[in-house]
Amino acid sequence: WAKSRRKKLSGAASSTTHKTLSAAMKACVSNTACNGVTQESTTSFKENTGTTTSTASGKYAYIKGDAYVLDKAYYWTTMDGVTLSGYSDDTTYTTLSAAKTACAKTTKCNGVTYEKAKTFRCNSGDKPEYSSGMKVYWKGGNNVKVTSYGATSQGYTWTVKKPFYLSGSADSTTYKTKATALKACTTNSKCLGVTKESSTSYKLNTGSTAEAHKTYTIYVKGGKSVVSSGKSWSTSSGYTLGGTGATEYSSASSAFTACTAATTCNGVVKKSSGKYVIATKTTKTKSTGSTSYTVSSSITVAGDYSWTSKSDYSLSGYASTKTHTTAAAALTACAANSKCNGVTKEATKKYRTNTGSEPSSKSGYSVYIKGGLKISKRSIYNTNYVWYVKAPYALSKGKLSTSKTEAAAYEACINNVKCLGFTRTSSTSYILYSDSTLTKTQGKISYIKGGTFITSNGYMWDYRSGKTLSGYADTTKYDTAAKAMSACVSSSTCNGVTKEGTGNFRINTGTTVTTKSGRTCWLKGNEVEKYSSYYFTKKSDYTLNDLGTKKYTTVATAKTACIAASTCTGVVYVASKEFYLSTGHTMSDSSGYIVYFKGGKEVAQQSLTLTSNSYTWKYESPKKLSGAYSGKDTLAAALTACVSDSKCKGVTYASKKYYLATGTTANPGTGQHCWIKKEKSTDCDSALIPLL
């Protein structure tokens, strides 16, 4: 069928108006008067007698060609009563199959002529001549291998097809990388897909119908992606799927698991009642209150990357000479190699890393196509601070020191006033830095030091004195921090609270703190739960790698076991009465799952007021003051010296010394203590608690 855009055919071959192109073409093939089909709208297709097209805006013409068969990887059409001139070889073949096989092997052959019984010749000519009783089998183009698979990127599902192109321009930009093009498409309401024209040329399109092309690759945008049970699912709100089952599931994760286990299942539907059912069909119909989840692709997360897996395909080019015996080893190697775009399993215990990124059919092989880096972030409690954990990111500026364990890195960082965070480079290497600038780096995890930790309304809050946040989430002025925090938790746009004055607390949309005298702010972190003196950060719809095999039936027993195991990084809820411990650090999407990241143990704090040397002093532990100088051997000597020094605002203890300090704000410090100088006092001296 020859397709022409903005064209139509004349003459009615039938009075029927077909609703689909396939129905119209099928009817046309059976109708000897029909020479083509005109698409008048998305649901109107008519059969035509005409063979010449004329201009018609918004319409498409499909002119019927000859019948064909696919054989020997080529398309062949048949013409009776003709012959072709010239022989491309000297052989006379006794069967049509043998002649086609020979013709397919050489570009000199343009077809096969049946001359008489058991006599077939390969011909070099391309012009038919009348010859009664003979028959020509024209060799057309070779069979174009169509590649089609699902992928997940930029939070959406995509159908990848080659060789095709999409019509219509969604913008005038030519993007140099796939990632930038797909990201731009997700934020452009007109964009329904992307066409890759070359390795450095990607265009955004308004069309979503695949049009034939010799070399182009297309990415048709689906719905927002949800990852669960090793699959990526394309979501469509307000739609249901065909072939829904009767069994109802109470959670998304259990429905996804059931669908993955059923060979006929192609999706999941969340009904308006909140229950989930699995579906055998991908056909979507509108349904108020429902949400459909259609299977897009199989997803693996490894080495900080997401990987789309597909059977009976291979990738081209080797990224290294090494053959790996496991998928895990190959994926790890590929993740660390910028030239590697995927992994091919060629046989049992034989995995190769590849430079090619577009798979081709190959029976018995399977591929893992490298996607984007999986960005994860969370806030966590440790040593009375809020820490922001970000992966895969690394710090690199202002190296201070290296610790061998995470616990040692936390302690070293809070005890070093210059330290703003540390990067985990391996299980035994944590490097401290004085600069908090992050760079996306595969395999690295960074821990950025925040402010003092407090909890309220089930969330952790990062307390900052002398700081403010921008943007208002509402117009209300709250008279207490507690009321403001409660409102912030209920707001989808609120990221923190600022005290702007006495009885004036505002909830904010901003996430960046800036200095402003007289103000105080609290950045909202993740949900947090305290259990047995440990704080666990809670994140829904995520999982952790390296899950153990032992199943716990309650979150309490799982948390107890995690606390007791030094290598445990968290607890993962998989389904009802099903919890597992993790020793991994890689977090990935998994709908219906819940991760409880193990934070630090609560540090007992002490605060009291005492008098000495005619001054009152605010004692804080475990806390420290900044601007330490002039160390003394005893507390009494340090307090006496501080009273006589106008720039001294307090005393801070560290490493068996008492230092005078210029800072006035007590910050968390493991094993440290401080005494903040307040106003003069006429009271008698208190016992200097504690006299260290």
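See the structure above.
This section reports on the structure supplied with the text. (Residues numbered from 1 in each chain as written. Predicted model: local features only at pLDDT ≥ 70, side-chain atom pairs only at ≥ 80, totals over all residues. Heavy atoms only, no water.)

1. Points about the pairing of strand β21 (residues 276–279)
And then number 1: Taking every second residue as pointing to the same face, both faces of β21 are buried, with Y276 and I278 on one and V277 and A279 on the other.
And then number 2: In this structure, strand β20 (residues 267–270) lies alongside β21, joined through four bridges in antiparallel fashion. Across the sheet, V269 pairs through a bridge with V277, a residue of β21.
And then number 3: The turn linking β20 back onto β21 is made up of five residues, and G274 within it adopts a positive phi angle of 95°. (Buried < 20%, exposed > 50% of the residue type's maximum accessible area, 1.4 Å probe, protein only. Helix = DSSP H or I, 4+ residues; strand = E, 2+ residues; numbered from the N terminus. Pairing = 2+ DSSP bridges.)

2. Digging into the nonpolar core
Proteins that are soluble and globular tend to have nonpolar side chains buried together.
And then number 1: Grouped together as the largest cluster of nonpolar side chains are 23 residues, with contacts concentrated most on W387, F422 and Y447.
And then number 2: For this core, the elements supplying multiple residues, two or more each, are β29 (385–391), α6 (406–414), β33 (429–433), β35 (445–456), β41 (570–575) and β43 (587–601).
And then number 3: Not counting the four nearest positions on each side in its chain, F422 is found in contact with W387, L395, E406, A409, Y410, C413, Y430, I431, L432, I445, S446 and Y447. (Core = buried A, V, L, I, M, F, W, Y, C linked by side-chain atoms within 4.5 Å. Contact = heavy atoms within 4.5 Å.)

3. Some thoughts on the state of the cysteines
Such a bond, covalent and formed between the sulfur atoms of two cysteines, is termed a disulfide.
And then number 1: Under the criterion given, the structure shown has nine disulfides.
And then number 2: With a sulfur-sulfur separation of 2.0 Å, C562 is cross-linked through a disulfide to C568. Handedness of the C562-C568 disulfide follows from its S-S torsion of about -100°: it is left-handed. As far as burial versus exposure is concerned, C562 and C568 are alike and both buried.
And then number 3: Paired through a disulfide, C642 and C648 show a sulfur-sulfur distance of 2.1 Å. Handedness here is read from the sign of the S-S torsion; for C642 and C648, about -100°, the answer is left-handed.
And then number 4: With no disulfide of its own, C122 has C109 as its nearest cysteine by sulfur position, at a separation of 4.4 Å.
And then number 5: Looking at C674, it has no disulfide partner, and the nearest cysteine sulfur is the one in C642, 12 Å off.
And then number 6: Classification of C674 by relative accessible area gives buried; the value is 0%. (Disulfide = S-S within 2.5 Å.)

4. As for the pattern of salt bridges
And then number 1: Under the counting rule described, the total for this entry stands at 17 salt bridges.
And then number 2: Between R519 and E500 there is a salt bridge, with its nearest N and O atoms 3.5 Å apart. Note that R519 is positioned in strand β39 (residues 514–531) and E500 in strand β37 (residues 496–501), a separation of 19 residues in sequence. The exposure classification of R519 matches that of E500, with both residues buried.
And then number 3: Note that E529 is salt-bridged to K559, the shortest N-O span being 2.6 Å. Remark: K559 occurs in helix α8 (residues 555–564) and E529 occurs in strand β39; sequence separation between them is 30 residues.
And then number 4: According to the relative accessible area criterion, E529 is partly exposed, its value standing at 27%.
And then number 5: Among the residues examined, K559 registers a relative accessible area of 4% and is labelled buried. (Salt bridge = Lys/Arg side-chain N within 4 Å of Asp/Glu carboxyl O.)

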